[in-house]
Amino acid sequence: MKYFTTLAAALLLFHSVAFSQNPARGNVAGSALETTQKPLPFATVLLLKATDSTLVKGAVTTEQGRYELENVPFGRYVVAVTAVGYQKTFGTPFNLATPSLQLPDLTVSAVTQTLAEVKVVAQKPFIEQQIDRTVLNVENSAVAAGSTALEVLEKAPGVTVDQQNDRLVVKGKQGVIVQMDGKQTFLSTQELMNLLRNTPADNIEKVEIITNPSAKYDAAGNSGIINIKTKKNKNLGTNGTATLGTGYGRYEKANASINLNHRVSKMNVFGNYSYFQNRGFNEQEIYRNILFEGRTTIFDQNGSNINRNNGHSFKTGIDWFLNKKNTVGVLVSGFNNHFDGSSLSNTLITAPTDQTRLSTTNAPSNKFQNITANLNYKYEMGNGRELTADADYSSFGGQSGNYLDSRFTNLQGQLTLIDLVRNTMPSTIGIWAGKIDYVHPLKKGKIETGWKSSWVNTDNDMKFEVNTDTQSQWRTDPTRTNRFKYDENINALYLNYATALGKKTQLQTGLRLENTHSVGNSVTLNSVTDRNYTNLFPSVFVSQTLDTNNVLNLSYSRRIDRPSYQDLNPFEFFLDPFTFQRGNPFLRPQFTNSFTLTHVFKSAITTTLSYARTTDLIQEQAPDQIASENKTFVTSVNMDKFDNYSLNVSFPVTIAKWWTMQNNLTVFHNRYQTRYRTGVFDLSVTAYNLYSSNNFKLSKTLTAEVSAFYNSAGLFGFFRNDPMGAINLGVQKSWLGGKLRGRFNFQDPFWLNQFRGSTEFQDLNFSVRSRWESRVARVSLTYRFGNQNVKAARQRQTSTDDLRDRVKQ
């Protein structure tokens, strides 16, 4: 309560500061020139405070290279100019003390300029709201230190992490595409969540949330793209960072990583390695009523499991700068993750005539490996023209298995039945892809065009065996043993056009054409699903600068989400003899039309209004049951229509020089409409989530951070969920001129982050409660060594980015 009282007071203070005070103000004007003394048009001009480089205002130069910054409070500032193909250049610090000030011309060149008079010392906020995306600056966050990528996403505004059902939701919509350094992971939702659990946040530089991508991006992704950028090291020499961390909740955790970068005149070699070890738990309570022919059977189930995760990941590459125009790069990355655990589930089964106790133990195991290779070529033709080409191969291999021991007893404790089940499933996924992209500047804009093709082959071979006691031989269960193969080929072309319509209006429009041919083959069942379809995906973006304080952006795009490779697999995965998960080989792709209107005030306060209509929505974890056998299962289904309305407001508040806040509010309304089972499902709900981050600069070397999020009750498909939330604390201290940094954080100290949900539809009636090890304290140390001015390795996307996101582990 105290926290929310403080937040309310801060908001009132922000209102009074922003709208009540009226200090002396003036206008600042100047010109940006090239080294040839020609005007530099359409460059970005930033007005920064000279004391800490805080952004005050922004502008764009005219065709004559001139700019004007209006209504600027008196004070000491510095101007920075940036443009594509030019080095960011700073002017001389100046004092504004008159109504009008003309600055000297600022010359911008491709050569690095040294800023002698002023030192840029501002630290990026944890949440940075840009015009087309939200950015989480993870690298310097005390709260993120020692945590995982999944825990970082829990702090992202508008993002809901459903730990119970292994789902990511952005602004109330599922189907987000997750990329690592611009490369799609192609994992199933469950495998992706496991990968994010095994990815240390200490390896992450920033996270970008792009809710409405342009036609240049693959058309997949109903709710947009989450791009996780890992750290890269910045003239000539060698540098690196090393991190060690540990943590404890109910069980121990550990992580370690090293990043290295070496650059000579025509070559850059880089690499990183990380290790992550985690032991955790999950506790579940499931209560369900099953009605069949007038009789009700009640299942009251309590379960717990201990899970162990450890993972190794690496990335290494080299860039050859053949000359000023040609660059060739090779990138190899991969991971080796191992998950195992033990679980115990106790169920009281109450039938009309008797009661039975069921006890099930399970020993799951899952090994998953990946190796990805990328060959990249970049040709800078001059005058802004650029050609890039990529060839990629990615291979996944997995081996998963379960051993279920189910024992039935009566109320007197007498053993009545033993049911033993074991299964193994080796799986392989191979992805080949290639793409070419070309950029061609025009007098008042640019054209981007490109081609991409990909080929995917998957092979899953499930062997299911049963037994009725510990002495008999195992027998193959032909009804659940199956081999499933899936082949897919996607070919795409795109064209983007961007231009300036006058001094204050920017336009970008694009069109993407994709053809998909897929064949799903259930070998054992002798069932083949062959699909071939071609679709167009248009996109339009308009940006209007109303005045120096207000910018309005409008966008539209059409997108597609294809089923994950494992969701198409008809295999069954059992929790106990009455509870299991089943794939659906008949899933169709879903299509989404999205409209977004965004208003940006003073480059700080962002308000976004969005609407999206999805047809054939792929709804994961859809419940169903076989009432005659008292069995309940979940699967993935297509829902006819899904409508999403959302309002997002993001705004910073400066309470004091040492205390800043970043706040985010998302309100969304979801409506689901479909025919399901034998009836009509038509439900809607309005929900919201809040996020607030408080940053405290206690000294030059000591900072603290307090953040909190709250998700209201909502509806995701057939499940209604109760509110969830958490508070996180962090402290960061640096030594040795910033080379050594120590961090401590406490995630969810009050253990508020728990899941409660229920389903009531036709004869489906059950509720779920789940909690996990969200309350964890962590400490980490990071040491930077070598020349910290070494230029970073190139950030680039590969042609398998969108495909790897559809792989599950």
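Predicted model only: the values in this text are computed from it and were never measured.

1. Structural notes on the overall build of the chain
Thinking step 1. Scanning the chain from terminus to terminus reveals three helices and 48 strands.
Thinking step 2. Looking at the chain as a whole, 53% of its 809 residues qualify as buried.
Thinking step 3. For the chain, the exposed area adds up to about 35000 Å²; of that, 57% sits on carbon and sulfur atoms.

2. Points about the environment of isoleucine 349
Thinking step 1. Secondary-structure assignment places isoleucine 349 in strand β22 (residues 326-350).
Thinking step 2. Other than its neighbours up to four places away in sequence, isoleucine 349 contacts Thr297, Ile298, Phe299, Asp354, Gln355, Thr356, Leu358 and Phe578.

3. Re unusual backbone geometry
Thinking step 1. Its identity is not glycine, yet aspartate 616 carries a phi of approximately 55°, on the positive side.
Thinking step 2. Relative to the helices and strands, aspartate 616 resides in strand β36 (residues 605-626).
Thinking step 3. Despite not being glycine, asparagine 630 shows a phi value in the positive range, around 60°.
Thinking step 4. Secondary-structure assignment places asparagine 630 in the loop between β36 and β37 (631-656).

4. A short note on the packing of aromatic side chains
Thinking step 1. Across all of its chains, the model carries 25 aromatic pairs by this definition.
Thinking step 2. Pairing phenylalanine 580 with phenylalanine 633 gives two aromatic rings, centres 5.0 Å apart and planes at 15°, and the pair type is stacked. Residue phenylalanine 580 is found in strand β34 (residues 579-582), and its partner phenylalanine 633 is found in strand β37; the two are separated by 53 residues along the sequence. Each member of the pair, phenylalanine 580 together with phenylalanine 633, is buried.
Thinking step 3. For the pair phenylalanine 719 and phenylalanine 766, a centre-to-centre distance of 5.9 Å together with 70° between the ring planes defines the contact as edge-to-face. Placement of phenylalanine 719 in strand β42 (residues 719-721) and of phenylalanine 766 in strand β46 (residues 764-772) is noted, with a sequence separation of 47 residues between them.
Thinking step 4. Phenylalanine 766 gets classed as buried once you look at its relative accessible area, which sits at 8%.
Thinking step 5. Of the aromatic side chains, those joined through ring pairs into one cluster are Tyr676, Phe681, Phe718 and Phe761.

5. Focus: the confidence of the model for the chain
Thinking step 1. Here the chain averages 82 in pLDDT, while 82% of its residues score no lower than 70.
Thinking step 2. Ranking the elements of the chain by mean pLDDT puts helix α1 (residues 2-19) last with 35 and strand β23 (residues 355-362) first with 94.
Thinking step 3. Counting interchain partners and residues more than four positions distant, the pLDDT-below-50 stretch residues 1-23 has 20 contacts.
Thinking step 4. Counting interchain partners and residues more than four positions distant, the pLDDT-below-50 stretch residues 111-122 has 20 contacts.

6. Things to note about the nonpolar core
Thinking step 1. The biggest cluster of nonpolar side chains holds 22 residues, and the ones touching the most others in it are Phe396 and Ile429.
Thinking step 2. Breaking this core down by element, the ones donating at least two residues are β25 (385-409), β26 (415-442), β27 (445-467) and β29 (482-500).
Thinking step 3. Membership of the second largest hydrophobic core comes to 18 residues, among which are Val28, Leu47, Val79 and Phe94.

7. Topic: the pattern of salt bridges
Thinking step 1. The tally for this structure, following the rule as stated, stands at 22 salt bridges.
Thinking step 2. Taking the shortest distance from any N to any O, the salt bridge between arginine 771 and glutamate 283 comes out at 2.7 Å. Here arginine 771, found in strand β46, pairs with glutamate 283, found in strand β20 (residues 267-292); they are 488 residues apart in sequence, far enough to count as distant.
Thinking step 3. The class for arginine 771 is partly exposed, based on a relative accessible area of 26%.

8. As for the pairing of strand β21 (residues 295-321)
Thinking step 1. When β20 meets β21, the two strands line up antiparallel, connected through 26 bridges. Residue pairing in the sheet places glutamate 285 in a bridge with asparagine 302 of β21.
Thinking step 2. Here β20 folds back onto β21 in antiparallel fashion, the turn holding two residues, of which glutamate 293 has a positive phi close to 50°.
Thinking step 3. A loop of four residues connects β21 with β22, the two strands running antiparallel in sequence.

Conventions we followed
- Residues numbered from 1 in each chain as written.
- Predicted model: local features only at pLDDT ≥ 70, side-chain atom pairs only at ≥ 80, totals over all residues.
- Heavy atoms only, no water.
- Helix = DSSP H or I, 4+ residues; strand = E, 2+ residues; numbered from the N terminus.
- Buried < 20%, exposed > 50% of the residue type's maximum accessible area, 1.4 Å probe, protein only.
- Areas by Shrake-Rupley, 256 points an atom, 1.4 Å probe, with all protein chains shown as cover.
- Contact = heavy atoms within 4.5 Å.
- Phe/Tyr/Trp six-rings, centres within 6.5 Å; stacked < 30°, edge-to-face > 60°.
- pLDDT = per-residue confidence, 0-100.
- Core = buried A, V, L, I, M, F, W, Y, C linked by side-chain atoms within 4.5 Å.
- Salt bridge = Lys/Arg side-chain N within 4 Å of Asp/Glu carboxyl O.
- Pairing = 2+ DSSP bridges.

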